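Okay, here's what each chain looks like letter by letter:
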Amino acid sequence: MDRIWYGGDYNPEQWPRDVWDDDVRLMQRAGVTVATVGVFSWARLEPRDGEFDFEWLDDVLGRLHAGGVRVDLATATASPPPWLALAHPEMLPVTEEGVRLSVGSRQHYSPSSAVYRRYADRLVRALAERYAGHPALEAWHVNNELACHVPRDFSDESAAAFRTWLTAKYGTVETLNEAWGTQFWSQGYSSFEEVMPPRAAPTFRNPTQLLDFDRFSSDAWLGVYEAEAAILREVSPGVPITTNFMGFFKGLDYWRHAEALDFISDDHYPDPADPAAPVIAAATRDLIRSLAGGPWILMEQATSAVNWRSRNAAKPDGMHRLLSLQAVARGADGVMQFQWRQSKAGAEKFHSGMVPHAGEDSRIFRETVALGEELGGLADVVGSRQQAHIAVLFDWDSWWALEQEATPSDLAYPMVVLRWYREFWRRGVLVDFARPGTDLSGYAVVVAPATHVLSTDALEGLAAYTRSGGRLVVGYQTGILDEQLHVHLGGYLGALRDVLGIRIEEFAPPAEPSISGGALPTLEIAGLAAGTAEEWGEVVRVDDAEVRSTFVGGMLDGLPAITRKASGDGTAWYVATAPEDLAAVVDEVLDSAGVAPEVPDLPEGVEAVRRGDRLFLLNWNATETRVGDETLPPRGAAILRD
Amino acid sequence: MDRIWYGGDYNPEQWPRDVWDDDVRLMQRAGVTVATVGVFSWARLEPRDGEFDFEWLDDVLGRLHAGGVRVDLATATASPPPWLALAHPEMLPVTEEGVRLSVGSRQHYSPSSAVYRRYADRLVRALAERYAGHPALEAWHVNNELACHVPRDFSDESAAAFRTWLTAKYGTVETLNEAWGTQFWSQGYSSFEEVMPPRAAPTFRNPTQLLDFDRFSSDAWLGVYEAEAAILREVSPGVPITTNFMGFFKGLDYWRHAEALDFISDDHYPDPADPAAPVIAAATRDLIRSLAGGPWILMEQATSAVNWRSRNAAKPDGMHRLLSLQAVARGADGVMQFQWRQSKAGAEKFHSGMVPHAGEDSRIFRETVALGEELGGLADVVGSRQQAHIAVLFDWDSWWALEQEATPSDLAYPMVVLRWYREFWRRGVLVDFARPGTDLSGYAVVVAPATHVLSTDALEGLAAYTRSGGRLVVGYQTGILDEQLHVHLGGYLGALRDVLGIRIEEFAPPAEPSISGGALPTLEIAGLAAGTAEEWGEVVRVDDAEVRSTFVGGMLDGLPAITRKASGDGTAWYVATAPEDLAAVVDEVLDSAGVAPEVPDLPEGVEAVRRGDRLFLLNWNATETRVGDETLPPRGAAILRD
Amino acid sequence: MDRIWYGGDYNPEQWPRDVWDDDVRLMQRAGVTVATVGVFSWARLEPRDGEFDFEWLDDVLGRLHAGGVRVDLATATASPPPWLALAHPEMLPVTEEGVRLSVGSRQHYSPSSAVYRRYADRLVRALAERYAGHPALEAWHVNNELACHVPRDFSDESAAAFRTWLTAKYGTVETLNEAWGTQFWSQGYSSFEEVMPPRAAPTFRNPTQLLDFDRFSSDAWLGVYEAEAAILREVSPGVPITTNFMGFFKGLDYWRHAEALDFISDDHYPDPADPAAPVIAAATRDLIRSLAGGPWILMEQATSAVNWRSRNAAKPDGMHRLLSLQAVARGADGVMQFQWRQSKAGAEKFHSGMVPHAGEDSRIFRETVALGEELGGLADVVGSRQQAHIAVLFDWDSWWALEQEATPSDLAYPMVVLRWYREFWRRGVLVDFARPGTDLSGYAVVVAPATHVLSTDALEGLAAYTRSGGRLVVGYQTGILDEQLHVHLGGYLGALRDVLGIRIEEFAPPAEPSISGGALPTLEIAGLAAGTAEEWGEVVRVDDAEVRSTFVGGMLDGLPAITRKASGDGTAWYVATAPEDLAAVVDEVLDSAGVAPEVPDLPEGVEAVRRGDRLFLLNWNATETRVGDETLPPRGAAILRD
């Protein structure tokens, strides 16, 4: 499309048809270009086994087309009708404690269910056959937020699928035994038939079993996507296909999923009351752009409050616009909302919509109209791509492994990554997220925060990147385990030991808060980034590196906290804790790499991003803020053109 | 009876018969008038299927009668014997995760169980036939604290009963689909057979399904009462029947239950260490009096500590007397305790009794005797009724709906109600609780705090009440949903929009404490009740009303926080937050209504209530306090006569 | 053995055989004397039903023997192989909610499983027959940390075993009914067949049922030990047998277990970051020495961090040595570690080992070598016994009963005991733990802290101890219940009422923290130990005793807090709260008993223990500390010889 997608999920089945007329009128007033239709309509489309009713959908699509609104048509498979699940209870998902979940909400199916697959395929084929040539059809929208409520299913059918997946991966059970380290705790399997999902057990489950089950589950959900997409490609060739991602979602390895999509779309719901919302949102947009390798669609956001937090704050004036412009600035070619018209019943009736309960005469609908108009003026950014000089590694294997039971600490992987991301964000330096093991030669700086799982190859790739002139910043808990979760023996870090000039002897995180009376325990460092540090400490032995900071006091007194070493044409830093003044570290790295920010001396709370020939300045402060010659109103933005 | 009921649960089956003689002697010393007998004696009465043993009960009732103690005779159905549940495990209740609960505690049955019903009916009939004409029989006591541990049962038998209930309510499944809004999330049912209880599901269950299951469950427990009462009425006509309520108990809609009882009785166990205990207890007594429409019986309280909190505080000197007098002042014609003699074994052995472990020579037994004597002197209040000028709406549908998953906020309904109640209590202004939709014309003031669910009729009734001269105070989250949990579109509040002169555009509660580092976030308001406010904020648009306060700062800056409008002969206030100085609002409302407190300038911590020709002054302070000419000792009381 | 056991769990099956050569070499460097072999090797020893493979174990034992390392040979029954549990799922343990736990971790069996028993016995017999005469065999190590993950199993097979156990204990169901107090809540059983384990129920389970199920479960696990030990004694007579205890482990009554072992061994993992670690560790060593009645083996500790806390702190320099010497000082004849070589895969790979991931060139391995050398020089302490003058009662029945649901308060039993223990520890006064009901006449002082459950006989024994000249200190919540959990009526304490000269009328603990805004509520006392007190208060009535302290303020104002009475030749104190200045109470008691500390004026943070002719001075401070003429380095020790 040559315009920015603007619109939202449109669920007319919740309303009588006289409202539908009003919908098209209001969409036109708001400048809506695209509507996502049919996401939760399976029970309406197929009220009884094999009886399809498309009349109402014909009507809806006809009205939208007549109104100039294009359609992102959902395959409607996200919530099976009650009749299907009750006729086939074996398709219902099962928790790790063995509870079979019930109908009455949504996503009540196992991704491995053959019954679900058969019925979903029949529905998708029927939809594709009917609407492949519809003039309003812009894209296909497979299912919805795959895995959001059921990231892991422990049913017998999933167990069988897991065994099939393991057999394909390992070939022989001996190979599996070696990979999983089953000699420990007497877990040796004599055949694949003995292997189970990691159901509730007396104590810690096997770590590699857990990780493989995470990988399998992610793949099982990818299988749900691929089965639907295959039908769509066959019946409706040439129409692009997507499914909506959920940003930093632990359940699915989006690097793998992204490869299967024609274009990437994402749902994002930052908490308006959270001071960290702008940076979390920015990181999410950058992750999605990195997954897409270019432009993407913001598929869902709320116009104001959501309904699933314990307190659902509204968005203050301007915040919805800022978040929308932030998405465009960071690569989005679409700004879509959930949902067009706020429901009057059901589980999401308190989730804000583009047309709120209060109706047209409301702040929210006025903002809906204004945003539509503004986005209409940004059509020329559509399709333009951005190049970052910084890459931050992001890896689902590391996420899954680091947050398992029985690890060195209760580190929260995305929080460790965000500590680093934030420093680039507040300088207006664009960041890509990168998958370990891929080509990083285009980046001036690569940061590896808590990249817990790195294969020998990936470690060698990072070492080679450094020696070829790259700046590599390695954070604690990186390169500890290989892809089978076996330890890189001899000081961890594998091939990075050489470029860093260090090895790690022991981990020594500060005490649990419960020990220190609830207060978060801290460390102290001297040298670069002197002051307080948090969350992590360890015994670093320097073989050949410059010590930039040392720990002060406690059992780590005098040991290195930050090191630096020149290797070949590049430089590698190791950072063994989380300094409060991480800025000092990032300054040193950026100076060394010669990377300058988009806007010098960016004030606190202002975000700066360049896309195409436009510079977006976003003022997240509730007060007026000056940037160079520009005065940005409270929660206001300026879009400057070169 | 012409005397106040005084006594307690009497469980002689826990003791050898030589103790029984001592019991009657001590009861006489303590002025006991009534004993509740047999609550947990099913296994003793019917040790094997169909083998009844009444000999011991004949003996107990004979002794009590000889000692001048009347009997509130329990039907003994509260705890089925092990042999019954083990022969019929399908009668055991099931949790929403599918766990079938075991024998070994009490209340181990589904209220929908046909087996339970058959055996319970047989027992009740046998008891009624044997004791209908017993000279000691004062009343029948059905079961015990219905639903206290099993408010909701998710067994297959309950599922079938739920379907029957739904069929009776909705007639056709299409009507149910419309009411539940099943078009959303593809939940449309094609027959009642497909409908399930809201068992554990992947995510939020359908809200109207949840509410209907709450209503059904309350009715199922009412069915347990009604089945027993029908037998008692048939076999033992003329003897009044009750079952013991539990005050603000979320599980049952006591408005519906109260209609079925001959007289209302209540169990109440405030935490002696809780500074809010006096006001919580007062509100509970007022709720029970409102349910009864007149006098009622305090059926259970502790003489000192209970045994089910994590720390079980004892009652300081005087507190047990104060709570007892408070009950009488607020309409109780009986002050009963659980239990007469503290158990020496079993799950409640650490729950205090009228005769404690320490025996007769103890503070507790001396207080038991003194209280009996004092209550003996208050016989003339028996039967006297009270008229309040203030009604506070209280509604189980609103409670259930407001505290569901996926609501605007985590408001605790009774806490919102108590904020308002407390202001009347501390002024010595008597309050009735009232059911929405009933005739409120007798009240000078009606308060509707968070009355989340109000039908169109109920809203129109409140509007008419106002126009006819009433003072209506509407709190936040009132009139949001109708009785099917469909939104009152166009600004919420329905017919109240007109009498209030406002509409609500958006909810904007302050952030979750987790966002603000654990501190409870607050708001500020200026004008009436200026200062801090808590818990709630929203975007109020004034069509035609006087703004009495506005929000200051934040996204609501300058928007109305409190409004007032004269409508017809009355006045309506809207209060969009929880001001710390709620007193200022209540003062304005009471002034406007011309309602004066019982005692002017009541000191903090003193409660004043008039019943009949007596004025009760209760000093909850641990220090001596003067009220007019009266000096009240620490935790002391004065009962003044006109 | 005439040397201290030094070594650790050795799991060579995790490594290729070329590592085994290195293991023996490094063991010799480290002075290792004993290795525990085979703990988790069932699946390796019996990879398929009945197919045994001992070749690798022959090799391992041969290498160790050749290297001069003796072997503590495990029976390998701790973790059944997957094939066994999957062929017999009925052997898997079941939670109280009915969840059958899965394979994939360890200890996935019910201690009552006949299938498990049959297979485990076959394995033990095969091992014993093969290795009974092996020249390296030092001892047999039965199973591993019995019950650590599955202290209670609620399966049907356990239910049947529980009934058998109850039948043996009670003879008739009437006796059980009387003991359990089943007249309350209508729980009367008509046959043993009706009795169930305390599975999830609507509310509080019967307390005596709970306690008997605790006792039964402890005995069921003892049965696991005894079945294996019987085979070992038959096939391999004369070789001593142990299993590794876990210190203050609630699951098992170690008084009963200890009687069945040839020698006692213990696993202990204090949190290096916990300031209370030294005193907790000291108490644990004293408990184990008391259970053993003499020397014992420290069977497992970590060289540095563990892997199962949320933050796993490393041990600072010197701490591992201090903990090891502390064990020896308090009776250990062995200092063993888990495990020899840190795993490179599996659930415990982040648990430190004697040979860490970093290899030989590491702080940890250097400490391993140094400790081996130091322990080698302490061989002469082996076998030497110690006599304490102080006994502190420790009782699993009291632990289980005090921490049940529906008790007076949420007291944590071991924490109450540790308050007292700490006062002796900081003075360098050795303490034995003693089992209630045993002969205490050898002790100058007996302390009974929260010994909630005491039989009439045990109470009379304590009274007789006092009258014969003993000093008895009775803490709150002692002697409340008898061994059936029936109350000692008339003021609690039974026969102790006379020697104490008091009775207790009521419990009055301070409020829950939730009531007082999260702060821990405190009390005040005046007199001995004046100041703040915590956790407990009660209404004490003095019949004939000296009041040493009184409560100040609140409902207990003026009532006794601490009393003392001379009885016969002895003295008895009662302490009704937890004074912050407990030292004052202990000083008075020690003075009265004429017990002097090992070292006068011991500085804070220094521990002093005499064993044989050696005085161990352990400086837990991170700073240099002087004791008399000795200067102890930070976390340093001195071992002085007479």
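Residues numbered from 1 in each chain as written. Chains lettered and ligands numbered in written order. Predicted model: local features only at pLDDT ≥ 70, side-chain atom pairs only at ≥ 80, totals over all residues. Heavy atoms only, no water.

### Some remarks on the relation of the copies chain A and chain C
- At an RMSD of 0.0 Å, chain A and chain C line up after a rotation of 120° and a shift of 0.0 Å along the axis. Overall, the copies show the geometry of a three-fold rotation axis. Within chain A, A:Val99 has its C-alpha nearest the rotation axis, a separation of 5.2 Å. (Least-squares fit on C-alpha atoms with pLDDT ≥ 70 in both.)

### Digging into the interface of chain A and chain C
- Opposite the 52 residues of chain A that make contact, chain C presents 60 residues.
- Across the chain A/chain C interface, buried area totals approximately 4,700 Å², and carbon plus sulfur atoms make up 60% of it.
- It is A:Phe184, A:Trp185 and A:Pro202 that lose the most area in chain A upon contact with chain C, and together they represent 16% of the buried surface on that side.
- The tally of links between chain A and chain C comes to 3 salt bridges.
- The interface formed by chain A and chain C contains 21 residue pairs in polar contact (both at pLDDT 80 or more).
- Among the elements that make up the side of chain A that touches chain C, the one with the highest residue count is strand β14 (residues 502–507) of chain A (5 residues).
- In terms of residue class, the side of chain A that touches chain C is made up of 26 nonpolar, 15 polar and 11 charged. (Contact = heavy atoms within 4.5 Å. Buried area = accessible area lost by both parts, 1.4 Å probe. Salt bridge = Lys/Arg side-chain N within 4 Å of Asp/Glu carboxyl O. Polar contact = N/O pair within 3.5 Å; in protein donor to acceptor, adjacent residues only side chain to side chain. Helix = DSSP H or I, 4+ residues; strand = E, 2+ residues; numbered from the N terminus. Nonpolar A, V, L, I, M, F, W, Y, C, P; charged D, E, K, R; others polar.)

### A look at the UniProt feature "domain: Glycoside hydrolase family 42 N-terminal" (unreviewed entry) in chain A
- The positions UniProt marks with the feature "domain: Glycoside hydrolase family 42 N-terminal" (unreviewed entry) are residues 9–375 of chain A.
- Helix and strand shares over residues 9–375 of chain A are 42% and 9% respectively, and the end C-alpha atoms of the span are 18 Å apart. (UniProt positions renumbered as here; feature names shortened; annotations may be inferred.)

### A look at helix α12 (residues 363–376) of chain B
- Between the first and last C-alpha of α12(B) there are 20 Å, a value that for 14 residues agrees with the 20 Å anticipated at 1.5 Å per step.
- By the burial criterion, the buried members of α12(B) are B:Arg363, B:Ile364, B:Phe365, B:Thr368, B:Leu371, B:Gly372 and B:Leu375.
- Each element contacted by the buried residues of α12(B) is listed here: β1 (5–10), α1 (17–30), α11 (319–329) and β9 (332–337) of chain B together with β14 (502–507) and β17 (538–542) of chain C. (Expected span 1.5 Å × (residues − 1). Buried < 20%, exposed > 50% of the residue type's maximum accessible area, 1.4 Å probe, protein only.)

### Examining the interface of chain A and chain B
- Facing the 61 residues of chain A at the interface are 52 residues of chain B.
- The junction of chain A with chain B conceals about 4,700 Å² of combined surface from both sides, 60% of it contributed by carbon and sulfur atoms.
- Contact with chain B buries area across many residues of chain A, yet A:Arg311, A:Phe350 and A:His357 alone supply 17% of it, more than any other trio.
- Taken together, the connections running from chain A to chain B amount to 3 salt bridges.
- Across the pair A:Arg311 and B:Asp410 runs a salt bridge whose closest N-O atoms are separated by 3.0 Å.
- Where chain A packs against chain B, one counts 21 residue pairs in polar contact (both at pLDDT 80 or more).
- Secondary structure elements with two or more residues in the side of chain A that touches chain B: α2 (42–45), α4 (82–87) and α12 (363–376) of chain A.
- The residue makeup of the side of chain A that touches chain B, split by class, is 27 nonpolar, 19 polar and 15 charged.

### Overview of the packing of helix α10 (residues 277–292) of chain C against helix α14 (residues 413–427) of chain C
All names here are of chain C.
- Interhelical geometry of α10 versus α14 gives an angle of 95° and a closest axis separation of 10 Å. Judged by the angle between their axes, α10 and α14 are roughly perpendicular. Contacts between α10 and α14 involve Pro-278, Val-279, Ile-280, Ala-282, Ala-283 and Asp-286 on the former and, on the latter, Leu-418, Tyr-421, Arg-422 and Trp-425.
- Of the residues in the contact of α10 with α14, the class split is 8 nonpolar, no polar and 2 charged. (Axes fitted to C-alpha atoms, helices over the stretch in contact; angles between N-to-C directions. Parallel < 35°, antiparallel > 145°, perpendicular 65-115°, else oblique.)

### Some words on the sheet that holds strand β23 (residues 614–619) of chain B
Residues and elements named next belong to chain B.
- Pairing is antiparallel across the open sheet formed by 3 strands, whose spatial order is β22-β23-β26. Of all strands in the sheet, those bounded by a partner on one side alone are β22 (606–611) and β26 (637–641). Across this sheet, the average inter-strand angle for adjacent strands is 15°, counted without regard to direction.
- Relative to β23, β22 runs antiparallel, the two being bridged by 6 bridges. Residue pairing for β23: Val-606 is matched across the bridge by Asn-619.
- On the sheet, α11 packs against β22, β23 and β26 and is oriented at approximately 150° with respect to β23. (Pairing = 2+ DSSP bridges.)

### Considering the nonpolar core
- Counting 188 residues, the largest nonpolar core has C:Val37, C:Leu496 and C:Tyr574 as the members making the most contacts within it.
- Among the elements that line this core, the one with the most residues is helix α5 (residues 114–131) of chain C, at 10 residues. (Core = buried A, V, L, I, M, F, W, Y, C linked by side-chain atoms within 4.5 Å.)

### Re the pattern of salt bridges
All names here are of chain B.
- Considering all chains together, one arrives at 183 salt bridges over all chains under this definition.
- For Asp-317, the salt bridge is made with Arg-363, and the minimal N-O distance between the two is 2.8 Å. Taken together, the residues span a long stretch of sequence, with Asp-317 in the loop between β8 (296–300) and α11 and Arg-363 in helix α12 at a distance of 46 residues.
- A relative accessible area of 9% means that Arg-363 is categorised as buried.

### Considerations on the pairing of β23(B)
All names here are of chain B.
- In terms of burial, β23 is a largely internal element, 6 of the 6 residues being buried.
- The alternating pattern of β23 places Arg-614, Phe-616 and Leu-618 on one face and Leu-615, Leu-617 and Asn-619 on the opposite face, and all of these are buried.
- Linking two consecutive strands that pair antiparallel, namely β22 and β23, is a turn of 2 residues; a positive phi of about 60° is found at Gly-612 within it.

### Comments concerning the sheet that holds strand β6 (residues 244–245) of chain C
All names here are of chain C.
- With respect to topology, 9 strands assemble into an open sheet ordered β5-β4-β3-β2-β1-β9-β8-β7-β6, the strand pairing being parallel. Whereas interior strands pair on both sides, the edge strands pair on one side only; in this sheet they are β5 (241–242) and β6.
- Of the pairings in the sheet, the one linking strand β7 (residues 265–267) to strand β8 (residues 296–300) comprises 3 bridges and is parallel in character. Bridge pairing links Asp-266 to Leu-298 in β8.
- On top of the sheet, helix α3 (residues 55–66) reaches β1 (5–10), β2 (34–37) and β3 (70–74); it is set at about 175° to β2, its chief contact.

### With respect to the side chain of A:Ser155
Residues and elements named next belong to chain A.
- Here Ser-155 is to be found in the loop between β4 (137–141) and α6 (156–170).
- A polar contact of 2.7 Å, which involves the side chain of Ser-155, links it to the side chain of Asp-153.
- Discounting residues that sit within four places of it in the chain, Ser-155 has contacts with Val-94, Ser-110 and Arg-199.

### A few points about unusual backbone geometry
All names here are of chain A.
- A cis amide bond, omega -10°, links Phe-338 with the succeeding residue Gln-339.
- Position of Gln-339 among the secondary structure elements: in the loop between β9 (332–337) and α12.
- Even without a glycine there, the phi angle at Gln-107 is positive, about 55°.
- Take Gln-107: it is sitting in the loop between α4 and α5 (114–131).

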